[in-house]
Amino acid sequence: TRYPSAMSDSPLRPSESAAFAEWARLVAADREQVERLREDRPASSDYYAPIAGGFRPGMRDNLEWPPLEALVQAGDTVLDEDSAFNPVTPYGVSKVRAEEDLLKLASDRFSPVLLRSATAYGVSPRLRSDIVLNNLTAYAVAIGKVLIKSDGTPWRPIVHVEDICRAFIAALEAPRDAVHAQAFNVGRPEENFRVRQLAEFVRDAVPGCELQFAGDASPDTRNYRIDCSKIAQILPAFKPRWNARKG
């Protein structure tokens, strides 16, 4: 899906300048809404792109538009949707702020649904090799070594890209009252793993490879587990089909 107008030069991820241009163009039509947004927002497409979506022309009544809010939070406890934010990267900060301002736009005509996806994995047309399970698999296939770039202890919740799509569909088709201005962790409760566990899954799946820690491997502050029970209860149509070993 391509972004219209100023963001049409990039099919998936607009540049920072293009995202800001689209945001400015759309919000210019509604100054009252603009005033509701604080001025201290980060200059990042991670912030402006989802906010711009809230101002798209021709919004129908009871629109459910679920932006993907992948919030990185530090800690070794299990986090649900009500847990306090503790972002440890600029990307995480931008997502927290985007959520805050999207919720300010909630109205009878606009229903933001905040889908906080676990770390994605799996094959897709625009395959990403920088996310943990895909990255480990790519190294295993390319050089025969499952290269771990941290000390292997951080927790990562993961979810297959197809199951992320299933969550979007379930949110779009759900009754408005069930999802209006709600946040949902997207994943499966049993799919919280330590990085070393994921590396061992890859070692077992790719013949002839071995585990190896990178020379500069060190602890990673991005250490978190998520509770996904809410999405299972509120959106029963969401039926994830993948797990780490299968994917």
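Refer to the structure printed above.
Note that the structure is a prediction, hence the values are computed from the model and not measured.

What to know about helix α8 (residues 195-205)
Step number 1: Three or more residues of α8 are buried, namely V195, L198, A199, F201 and V202. End-on view of α8: buried residues confined to an arc of 155°, all on one side of the axis.
Step number 2: Contacts from the buried residues of α8 go to α5 (132-143), β5 (145-150), β6 (155-160), β8 (192-194) and β9 (210-218).

Some words on α5
Step number 1: With twelve residues, α5 should cover 16 Å at 1.5 Å per step; its first-to-last C-alpha distance of 16 Å lies within 8% of that length.
Step number 2: On its buried face, α5 sits against β4 (119-121), β5, β6 and α8.

Describing the side chain of D163
Step number 1: Assignment of secondary structure puts D163 in helix α6 (residues 161-173).
Step number 2: Among the polar contacts made by the side chain of D163, one reaches the main-chain amide nitrogen of R241 at a distance of 2.9 Å.
Step number 3: With near-sequence residues (within four places) excluded, D163 lies in contact with F238, K239, P240, R241 and W242.

As for the pattern of salt bridges
Step number 1: Per the counting criterion, the structure on display carries ten salt bridges.
Step number 2: Among the salt bridges present, the one from D130 reaches R128, with a minimum N-O distance of 2.8 Å.
Step number 3: Between D163 and R166 there is a salt bridge, and its shortest N-O distance comes to 2.7 Å. Of this pair, D163 and R166 both sit in helix α6, three residues apart, roughly one helical turn.

Considering the pairing of strand β3 (residues 110-117)
Step number 1: β3 sits mainly inside the fold: eight of its eight residues count as buried.
Step number 2: A two-sided burial pattern is seen for β3, the buried positions comprising F110, P112, L114 and R116 on one face and S111, V113, L115 and S117 on the other.
Step number 3: One ladder, built from five bridges, connects β3 with strand β7 (residues 182-186); its direction is parallel. Paired with L114 across the two strands is A183, which belongs to β7.

Things to note about the packing of aromatic side chains
Step number 1: Summed over the entire model, instances satisfying the criterion amount to one aromatic pair.
Step number 2: When the centroid spacing of 5.1 Å and the interplanar angle of 85° are considered together, the rings of F193 and F201 count as edge-to-face.
Step number 3: Looking at F193, the relative accessible area reads 10%, which means it is buried.
Step number 4: Given a relative accessible area of 14%, F201 falls into the buried group.
Step number 5: Of note, K230 hangs over the ring of F184, and the distance from its end group to the ring centre comes to 5.0 Å.

A few points about the nonpolar core
Step number 1: Judged by nonpolar contacts, the single largest core of 19 residues is most densely connected at F184, V186, I231, L235 and F238.
Step number 2: Those elements that place two or more of their residues in this core are β3, α6 and β7.
Step number 3: Here this core gets four residues from one element, more than from any other, and that element is α6.
Step number 4: Those residues in contact with V186 that sit more than four places away from it in its chain are L115, R116, S117, A118, V159, I164, A167, I226, C228, I231 and F238.
Step number 5: L136, I148, F193 and V195 belong to the second-largest nonpolar core, a separate cluster that totals 17 residues.

Side note on the sheet that holds β6
Step number 1: Strands sit in the order β4-β6-β8 across an open sheet of three strands; the sheet is mixed. At either end of the open sheet lies a strand with only one pairing partner, and these are β4 and β8. Between one strand axis and the next, the sheet turns through 50° on average, direction left out of account.
Step number 2: With three bridges connecting them, β6 and β8 associate as antiparallel partners. Each bridged residue has a counterpart across the sheet, and for P157 the counterpart in β8 is N192.

What counts, and at which threshold
Residues numbered from 1 in each chain as written. Predicted model: local features only at pLDDT ≥ 70, side-chain atom pairs only at ≥ 80, totals over all residues. Heavy atoms only, no water. Buried < 20%, exposed > 50% of the residue type's maximum accessible area, 1.4 Å probe, protein only. Helix = DSSP H or I, 4+ residues; strand = E, 2+ residues; numbered from the N terminus. Arc of directions from axis to C-beta. Contact = heavy atoms within 4.5 Å. Expected span 1.5 Å × (residues − 1). Polar contact = N/O pair within 3.5 Å; in protein donor to acceptor, adjacent residues only side chain to side chain. Salt bridge = Lys/Arg side-chain N within 4 Å of Asp/Glu carboxyl O. Pairing = 2+ DSSP bridges. Phe/Tyr/Trp six-rings, centres within 6.5 Å; stacked < 30°, edge-to-face > 60°. Lys NZ or Arg CZ within 6 Å of the ring centre and 35° of its normal. Core = buried A, V, L, I, M, F, W, Y, C linked by side-chain atoms within 4.5 Å. Axes fitted to C-alpha atoms, helices over the stretch in contact; angles between N-to-C directions.

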